[in-house]
Amino acid sequence: MRFRSTLAGIPSYVPGRPPAVRPGVESFKSSSNENPYAPLPHIVEAAERAVRTMNRYPDMAVTALHSALADRLGVAVSQVASGTGSVGLLQQFVQAMCDQGDEVIHAWRSFEAYPIVAAVNGARSVPVPLRADASHNLDAMAAAVNPRTRLVLVCQPNNPTGVAARGEELSAFLDRIPEDVLVVLDEAYVEFVTDPAVPDGLDILRTRPNVAVLRTFSKAYGLAGLRIGYAIAPDEVAAALRTCAVPFGVGTVAQAAALAALEVEDELRARVARIVEARTRVTATLRSQGWAVPDSQANFVWLALGAQSQDFAAHCEVEGLTVRPYGTDGVRVTVGDERADERFLALAAEWRSTHT
Ligand SMILES: *Cc1c(COP(=O)(O)O)cnc(C)c1O
């Protein structure tokens with residue numbers, strides 16, 4: 001069999017591990033930034049109704065959901081595209097914008113899907129190291145733009161460090177990006193943002209012709225298992241995203257559940273507020289233990305453990321808590337499940353007292 005010559009070089013996505021099962025130890029998964037709350041009954045009922053029509057293909061145009069999103073967000077339906085999770089849309093962005101060898105600039109460490117979707121679709125990924133404070137180095141990203149650049153992905157707030165760029169800095173960066181290069185603001189965690197200095201990507205999109213916003217139902221809305229995300233983009237970009245979509249990719253159940261989630265948004269927002277409270281509490285406690293923790297605008301916190309990252313994660317795992325180590329950079333820990341957070345804080349305190 002002859003495979004694409006570049007296939008072997010494509011990194012594989014490492015998912016957050018499921019919790020290890022150990023007799024006598026209750027285990028928690030704090031490694032995938034999932035919403036800890038079970039889906040609301042209204043959403044489950046809508047999904048169950050949709051299940052009964054599974055002999056039919058889904059609405060390929062995702063009509064009802066796109067129109068609900070457009071109304072809610074104050075954009076035109078022609079600006080909306082959806083996909084199998086926002087990762088599905090990331091693929092569509094690369095497919096829509098990049099010829100073979102064109103460049104996709106993104107921060108690193110950042111969302112691990114970025115280099116993968118670039119490579120899978122024949123583009124070249126250009127990672128730009130984060131600053132020492134775990135924020136995007138937007139100056140260096142703007143400086144990396146060249147005639148091969150088609151896409152710049154800004155993870156806002158950044159996964160895995162939680163840091164978000166503020167309005168002025170972002171706007172100075174966008175001023176430097178040529179109009180024929182598309183900037184995608186990946187706002188997978190936008191619902192968790194509380195810093196008023198962090199702009200809403202949709203406000204930026206309204207004033208700039210080369211900005212798109214990527215969002216998901218996986219995190220705040222708690223639908224990670226159904227695979228549905230959406231993009232808001234300039235008309236011609238949204239149309240190109242729809243051209244690159246897998247036909248019927250977004251299933252009937254996902255469409256129905258997402259629509260139902262928008263209908264109970266207030267309740268979901270109250271849950272998000274509780275997760276944000278957990279983030280505040282976990283961050284404060286870690287700092288009181290002596291950890292340097294960046295201000296996270298998402299549903300996770302970042303410990304820059306460096307060379308100790310894998311050891312810390314392995315230690316947590318033994319104690320029934322799965323967290324997410326990244327090479328020798330650090331460890332990301334999802335927050336919001338009260339008992340998991342307690343376990344994490346206890347392990348973090350113990351680690352400080354035995355490793356510093
Ligand atoms: C979780 C996450 C996504 C969302 O992925 P889905 O495919 O929608 O589940 C997108 N971007 C970032 C940065 C994420 O962390």
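Residues numbered from 1 in each chain as written. Predicted model: local features only at pLDDT ≥ 70, side-chain atom pairs only at ≥ 80, totals over all residues. Heavy atoms only, no water.

### Brief notes about the domain arrangement of the protein chain
Part 1 of the reasoning: What the domain assignment lists for the protein chain is domain 1 (17-39 + 266-355) and domain 2 (41-263).
Part 2 of the reasoning: Taken over C-alpha atoms, the centre of domain 1 sits 25 Å from the centre of domain 2.
Part 3 of the reasoning: Listed per partner, the contact involves 23 residues of domain 1 and 27 residues of domain 2.
Part 4 of the reasoning: Buried area between domain 1 and domain 2, both sides added, is near 2,100 Å², and the carbon and sulfur share of it is 59%.
Part 5 of the reasoning: When the area that domain 1 buries against domain 2 is broken down by residue, the three leading residues are Pro-39, Leu-268 and Gln-297, summing to 29%.
Part 6 of the reasoning: Counting across the interface, domain 1 meets domain 2 through two salt bridges.
Part 7 of the reasoning: Here Arg-324 and Glu-112 are joined by a salt bridge, their closest N and O atoms 2.2 Å apart.
Part 8 of the reasoning: Viewed at the interface, domain 2 and domain 1 are joined by 11 residue pairs in polar contact (both at pLDDT 80 or more).
Part 9 of the reasoning: Mapped by element, the contributors of at least two residues to the side of domain 1 that touches domain 2 are helix H10 (265-288), strand S9 (300-303) and strand S11 (324-326).
Part 10 of the reasoning: Tallying contributions element by element places H10 first for the side of domain 1 that touches domain 2, with six residues.
Part 11 of the reasoning: Within the side of domain 1 that touches domain 2, the residues separate by chemical class into 10 nonpolar, seven polar and six charged. (Domains from an automatic or database assignment. Contact = heavy atoms within 4.5 Å. Buried area = accessible area lost by both parts, 1.4 Å probe. Salt bridge = Lys/Arg side-chain N within 4 Å of Asp/Glu carboxyl O. Polar contact = N/O pair within 3.5 Å; in protein donor to acceptor, adjacent residues only side chain to side chain. Helix = DSSP H or I, 4+ residues; strand = E, 2+ residues; numbered from the N terminus. Nonpolar A, V, L, I, M, F, W, Y, C, P; charged D, E, K, R; others polar.)

### Some thoughts on the packing of helix H11 (residues 309-318) against helix H12 (residues 338-355)
Part 1 of the reasoning: Contact geometry of H11 with H12 gives a least axis separation of 11 Å together with a crossing angle of 130°. Between H11 and H12, the angle falls in the class oblique. Where H11 crosses over H12, the two elements pack in a sense that is right-handed. Here Asp-311, Phe-312, His-315 and Cys-316 of H11 lie close against H12, whose contacting residues are Phe-344, Leu-347, Ala-348, Glu-350 and Trp-351.
Part 2 of the reasoning: For the contact of H11 with H12, the per-class residue count stands at six nonpolar, one polar and two charged. (Axes fitted to C-alpha atoms, helices over the stretch in contact; angles between N-to-C directions. Parallel < 35°, antiparallel > 145°, perpendicular 65-115°, else oblique. Left-handed = near helix turned anticlockwise from the far one by under 90°.)

### So, the pairing of strand S3 (residues 103-108)
Part 1 of the reasoning: Buried residues dominate S3, accounting for five of its six residues.
Part 2 of the reasoning: Judged from the six bridges that link them, S3 and strand S4 (residues 124-129) form a sheet pairing that is parallel. Across the sheet, the residue bridging to Trp-108 is Pro-129, located in S4.
Part 3 of the reasoning: After leaving S3, the chain enters helix H4 (residues 113-120) and then returns to the sheet as S4, a path that is right-handed.
Part 4 of the reasoning: Pairing analysis gives four bridges linking S3 to strand S5 (residues 149-155), with the strands arranged parallel. The residue bridging Ile-105 from the neighbouring strand is Val-152, located in S5. (Buried < 20%, exposed > 50% of the residue type's maximum accessible area, 1.4 Å probe, protein only. Pairing = 2+ DSSP bridges. Right-handed = clockwise from strand over helix to strand, strands pointing away.)

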